[in-house]
Amino acid sequence: MRVSRARLLKFTHDDARNPAMIETERLCKRYGAIDAVADLDLRVAPGQVLALLGPNGAGKTTTMRMIAGFLLPSSGSARVCGHDVVREPMAARRALGYLPEGAPSYDELSVAEFLAFAARVRGLGGVAGSRRMDEMIERLQLQPVLAQTIETLSKGYRRRVCLAQALLHDPPALILDEPTDGLDPNQQREVHALIRGMARDRAIIVSTHALDEVRAVCNRVAILAGGRLRAQGSPAELERQSRYHHAVSFRAPASALAREMLARMPEVDAVEVDPVDARVTVFPREGRDIFGAVVRLLEEQHVRIDELQLERGRLEDVFRRVTEEAADLPRAA
Ligand code: ATP
């Protein structure tokens, strides 16, 4: 869904009863002549898990680093639980858990030492602090590596140690930069379950290149390209923008004649065949419902089909279109 500033403001107003825990307003970061991030308005309320998507260099990490207080904005503002990240940095940081890109830079510490250090920095001491550490160790399954130094950990364990550190103080707002980068499929599933479990009363931003991850954990999507917000909505809203929305697909040794007949139907826009798996996709003209008519025609033509599907739409398709359009636009303001 394309966004205009008027629409975003309306969104802010409509959600007054569910105030944002993470919010940016006209947030900008310039590097020389390049707008790494430009005029970015985002709001994430409790219960929302926002996927921040975009091609390499879109401005995702820069945005997250500004919200986390690790990078000063050139202009605009960011707030965490109402605290401006520049004017009230300590309060904003207390309310936020941040999983940065990469690994913790305390290579020579053991995992246990690193987590104890992170707990102290967060002001978590005594029984409550050690209970919370035990909980994180348990949830992220870190017991086998507690005594190991961070430099000797596999990539997946490093990521999980980092995640434990971000969640230690049980913050109401979370920013997770590629949380499952380097994790095997089982660990990815665990982390997805962890994020879903935390989502109910927290505001969470997840940056990822994995669109399966978006479907697994996110209920909002923002697509950045060239530093600007290009599309925003729920996954279903964005999928409806895809040319695959309400397309009918099936696998069949469909005859060229049947395909031609499908293509000639007035409500059909195009028919495509995937050469790898022989899946035929019939695309509707905008707003048309073709399912019944396609199935009827296939029956009349006695075409045997498998795996008949009415498509919801594809995020990949919207992502490609939005980012390709943006690639043609200049980056600097
Ligand atoms: P990726 O998916 O590759 O992680 P990203 O969406 O996180 O990319 P950013 O790392 O935020 O993108 O970078 C946004 C833009 O800002 C890029 O063009 C990048 O080269 C530029 N950039 C980032 N940091 C700096 C810096 N310190 N100096 C100059 N340019 C920078």
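Please refer to the structure higher up on the page.
Computed from a predicted structure; not experimentally measured.

## Some remarks on the overall build of the chain
1) Next: The number of helices and strands found in the chain is twelve helices and 14 strands.
2) Next: For the C-alpha atoms alone, the extent of the chain along its principal axes is close to 75 × 45 × 40 Å.
3) Next: The long-range fraction of contacts in the chain, counting pairs at least 24 apart against all pairs at least 6 apart in sequence, stands at 70%.
4) Next: Of the roughly 16,400 Å² of accessible surface on the chain, a fraction of 51% belongs to carbon and sulfur atoms.
5) Next: Counting 47 positive and 46 negative side-chain charges, the chain places the centres of these two groups 4 Å from one another.

## What to know about the pattern of salt bridges
1) Next: For the coordinates displayed, the defined rule picks out 23 salt bridges.
2) Next: Two residues, Arg243 and Glu272, come together in a salt bridge whose shortest N-O distance is 3.0 Å. Residue Arg243 is found in the loop between helix H9 (235-240) and strand E11 (248-251), and its partner Glu272 is found in strand E12 (residues 268-273); the two are separated by 29 residues along the sequence.
3) Next: A salt bridge links Arg285 to Asp269, with the shortest nitrogen-to-oxygen separation between them at 3.8 Å. Note that Arg285 is positioned in the loop between strand E13 (279-284) and helix H11 (291-300) and Asp269 in strand E12, a separation of 16 residues in sequence.
4) Next: Where salt bridges share partners, they join Arg132, Glu135, Asp170, Asp201 and Arg202 into one cluster.

## A word on the pairing of E12
1) Next: Inspection of the sheet shows E12 paired to E13 by five bridges, in the antiparallel sense. Bridge pairing in E13 places Val268 opposite Pro284.
2) Next: The hairpin formed by E12 and E13 contains five residues between the paired strands, and Ala278 there has a positive phi angle of roughly 60°.

## Quick notes on the sheet that holds strand E4 (residues 75-80)
The strands that make up a sheet are held in pairs by hydrogen bonds between backbone atoms, and each pair lies either parallel or antiparallel.
1) Next: Taking strand neighbours across the sheet as the criterion, the four strands line up as E2-E1-E4-E5 in an open arrangement whose pairing is antiparallel. If you trace the sheet from one side to the other, it starts and ends with strand E2 (34-44) and strand E5 (83-84), each paired once.
2) Next: Strand direction decides the pairing type here: strand E1 (residues 22-31) and E2, joined by seven bridges, are antiparallel. The residue of E2 that forms the bridge with Tyr31 is Ile34.

The rules behind these values
- Residues numbered from 1 in each chain as written.
- Predicted model: local features only at pLDDT ≥ 70, side-chain atom pairs only at ≥ 80, totals over all residues.
- Heavy atoms only, no water.
- Helix = DSSP H or I, 4+ residues; strand = E, 2+ residues; numbered from the N terminus.
- Contact = heavy atoms within 4.5 Å.
- Areas by Shrake-Rupley, 256 points an atom, 1.4 Å probe, with all protein chains shown as cover.
- Lys, Arg positive; Asp, Glu negative; His and termini not counted.
- Charge placed at Lys NZ, Arg CZ, Asp CG, Glu CD.
- Salt bridge = Lys/Arg side-chain N within 4 Å of Asp/Glu carboxyl O.
- Pairing = 2+ DSSP bridges.

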